[in-house]
Amino acid sequence: MKQLTRAPFFKRHQDFLLFAVPVLLVYLVLVISHLNGVYFWDNVQQTSREAHWFYQQQFSSFWLPGFSDGEEITGTAYHFPLIGMMTAGLWMVLGQHLWVSHVFIGFWSVLLVLFTHKLFRCYLSPRVAGWALLVLLLESTLLTQIAIASPDVILLTALVMALYGIVNRRRGLTSMALLFLVLINGRGMLAGPFVYLFAVLHKHLTEGTPLGVKMLWRTALPFVPAYSIYGLYIGLYLLNNGWFLNQADSPWSEGWQSPQGLMAYLKNFAAFGLRLLENGRFALWLSALVLITQAYKRRTSLIGKKELPLVVLVGGLILLFLYFALSTVLVIGSRYYMGITLVLGLLVFVAAERLWCTRRIQTFALVVGLLFVGGHAWVYPSRVSVAWDATLAHTPYYTLREQLLTYLEQNHIDEEQVGGGFLFSGNQRYVDLKDRDLRIGQDHDKAYFIYSNLSNLSDDLIDELENRELWEPVEVFSKGPVFISLLRNQKIAP
């Protein structure tokens, strides 16, 4: 009897080694090079500030202060504070260091690569799945989110894990992934119903399960733990603190207001479209349009029943964020679209595999990859908001910020005399974890103001700050596309 022999290790894992390992190496370099990077963008609130509360309280309370409690630290209310809890727990074990968050998100980025590879193999041939993974996991927004240790990396990983669990009938994995999807961020909670719709359609169209009450209930079972916890949390919060979205004491109350006038709606819609397309992501939408046109001319189908639930998922998520873009004045960040980009990219490669030869797919992948790399260079003039948490062009911020704070200290400029825009106001303890309180206000009626293109200030305020009769530059720190300017108020400062 002929003895069966296993193929060599490289042969069995060839596609993973060729495509996934380079992605992992890029992630490793990002994490190591940013180990001491301070908290950036919304991480200051959602990760650091909330983690400080649980760390200082030693988990004696699981409730963050409400908006009206007069505390320096408040929760956002609509986000379950899971990332703050996990970070505080890690600090208690490993110490309160910046590198803790970077290593933690680095761990989740490894899971992202592993489960994206598994999910793509469910829809694509091994080689095309490898090319899709290599391109889509090096998208500029995702790389930047890993570099700044953003919890949105956990959110994206949880989405991929949930989809993989649904496709492969692994309820335990799906349920665990949904816990992180729902409890890390309110956006994940809102995306959950579309994941459920994906699961229902997948069971019906791919597995042939008839629609019915029993099928709908069984499909919903993995969602029960996550939504039960979130429902209990939000219910108790409402009983204790009342409605939160338009509460006057909330730092985010203005963001939940509706746009005023037609121009405001058009501006929000334009910003929504820009965030979908910028940093090279337009290549995926343009490719989808080209593939649809080619399929129409050839009278052939781009997707089958198996991929239709993915189309519905992308469409649902787009409608969700479009609703927020048109009903509020909230800033919709590029990171919100990472799930859309990943699933859309998967669908584009599925369609490409049906219409194009392998060499053309490889060329397409290289072109899109180069456009994603070029996405880090998408920096606009000062009066156009830049999603700085979606481009590595922001990295000079870390050294420039330190130079600025050193200048303030060496020149004995009192913090009470200084105001600053976004990223520079507030207690700097929560940004750099240094054991001191350095509170910089956000008003521009003080003797000094920290002006930077990173802050995405309003046009009116920029006009005022650039008026040399009102404000005089004292010191300017700049590197690459980033500048931080310390301005002196001509009417107040001596």
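Visitor: Even after reading the chapter, I still don't get the pairing of strand S6 (residues 482–489), so can you show me in this structure?
Guide: Each regular strand carries side chains that alternate between the two faces of the sheet. Most of S6 sits out of view: seven of its eight residues are buried. Sheet topology note: the strand S4 (residues 448–452)/S6 ladder contains five bridges and is antiparallel. Bridged to Tyr451 within S6 is Ser485. By the bridge criterion, eight bridges tie strand S5 (residues 471–479) to S6 in an arrangement that is antiparallel. When the bridges of S6 are listed, Lys479 appears paired with Val482. Linking S5 to S6, which pair antiparallel, is a turn of two residues; within it Gly480 sits at a positive phi near 60 degrees.

Visitor: Honestly, the nonpolar core in this entry has me stumped. Any pointers?
Guide: Burial of nonpolar side chains together is a common tendency in soluble globular proteins. With 153 residues, the main nonpolar core has Phe120, Tyr123, Leu124 and Phe349 as its most contacted residues. If sequence neighbours within four positions are ignored, Leu124 has contacts with Ala129, Ala132, Leu346, Phe349, Val350 and Glu353. With eight residues, the next largest nonpolar core counts Leu457, Leu461, Ile462 and Leu465 among its residues.

Visitor: Would you mind going over helix H13 (residues 262–277) with me for this structure?
Guide: Residues separated by three or four positions in an α-helix point in the same direction, a consequence of the helix having 3.6 residues per turn. Given a rise of 1.5 Å per residue, 16 residues ought to cover 22 Å, and the 23 Å separating the end C-alpha atoms of H13 matches this to within 8%. Listing the buried residues of H13 in full gives Asn268, Phe272, Arg275 and Leu276. Burial along H13 is one-sided: seen end-on, the buried residues are contained in an arc of 105 degrees. Exposed side of H13, more than 90 degrees from the buried face: Leu262, Met263 and Lys267 are the residues found there. In the core, the buried residues of H13 are packed alongside helix H14 (282–298) and helix H15 (308–327). Once H13 finishes, Asn279 follows within two positions and takes phi at roughly 55 degrees, a positive value.

Visitor: I tried to follow helix H4 (residues 82–94) on my own but got confused; where do I start?
Guide: With 13 residues, H4 extends 18 Å between its outermost C-alpha atoms, agreeing within 8% with the 18 Å of an ideal straight helix rising 1.5 Å per residue. Among the residues of H4, those classed as buried are Leu82, Ile83, Gly84, Met85, Met86, Thr87, Ala88 and Trp91. Phi for Gly95, located one or two positions after H4, is positive at around 100 degrees.

Visitor: Explain the packing of aromatic side chains here, please?
Guide: The geometry of an aromatic ring pair is captured by the separation of the ring centres together with the interplanar angle, meaning the angle of the planes. All told, the structure shown has 29 aromatic pairs when counted by the stated rule. Considering the side-chain rings of Phe40 and Trp41, the 5.4 Å spacing of their centres and the 35 degrees angle between planes classify their relative orientation as tilted. Assessed through its relative accessible area of 0%, Phe40 is described here as buried. On the basis of relative accessible area, Trp41 is assigned to the buried category, the value being 12%. Where Tyr230 meets Tyr233, the ring centres are 6.1 Å apart and the plane angle is 55 degrees; that geometry is what we call tilted. Taken together, the residues span about one helical turn, with Tyr230 and Tyr233 both in helix H12 (residues 224–241) at a distance of three residues. With a relative accessible area of 11%, Tyr233 lands in the buried category. Over the face of the ring belonging to Tyr296 we find Arg299, whose NZ or CZ atom lies 4.9 Å from the ring centre. Just above the ring of Tyr123 sits the side chain of Lys306; from NZ or CZ to the centre is 5.1 Å.

Calculation criteria
- Residues numbered from 1 in each chain as written.
- Predicted model: local features only at pLDDT ≥ 70, side-chain atom pairs only at ≥ 80, totals over all residues.
- Heavy atoms only, no water.
- Buried < 20%, exposed > 50% of the residue type's maximum accessible area, 1.4 Å probe, protein only.
- Helix = DSSP H or I, 4+ residues; strand = E, 2+ residues; numbered from the N terminus.
- Pairing = 2+ DSSP bridges.
- Core = buried A, V, L, I, M, F, W, Y, C linked by side-chain atoms within 4.5 Å.
- Contact = heavy atoms within 4.5 Å.
- Expected span 1.5 Å × (residues − 1).
- Arc of directions from axis to C-beta.
- Phe/Tyr/Trp six-rings, centres within 6.5 Å; stacked < 30°, edge-to-face > 60°.
- Lys NZ or Arg CZ within 6 Å of the ring centre and 35° of its normal.

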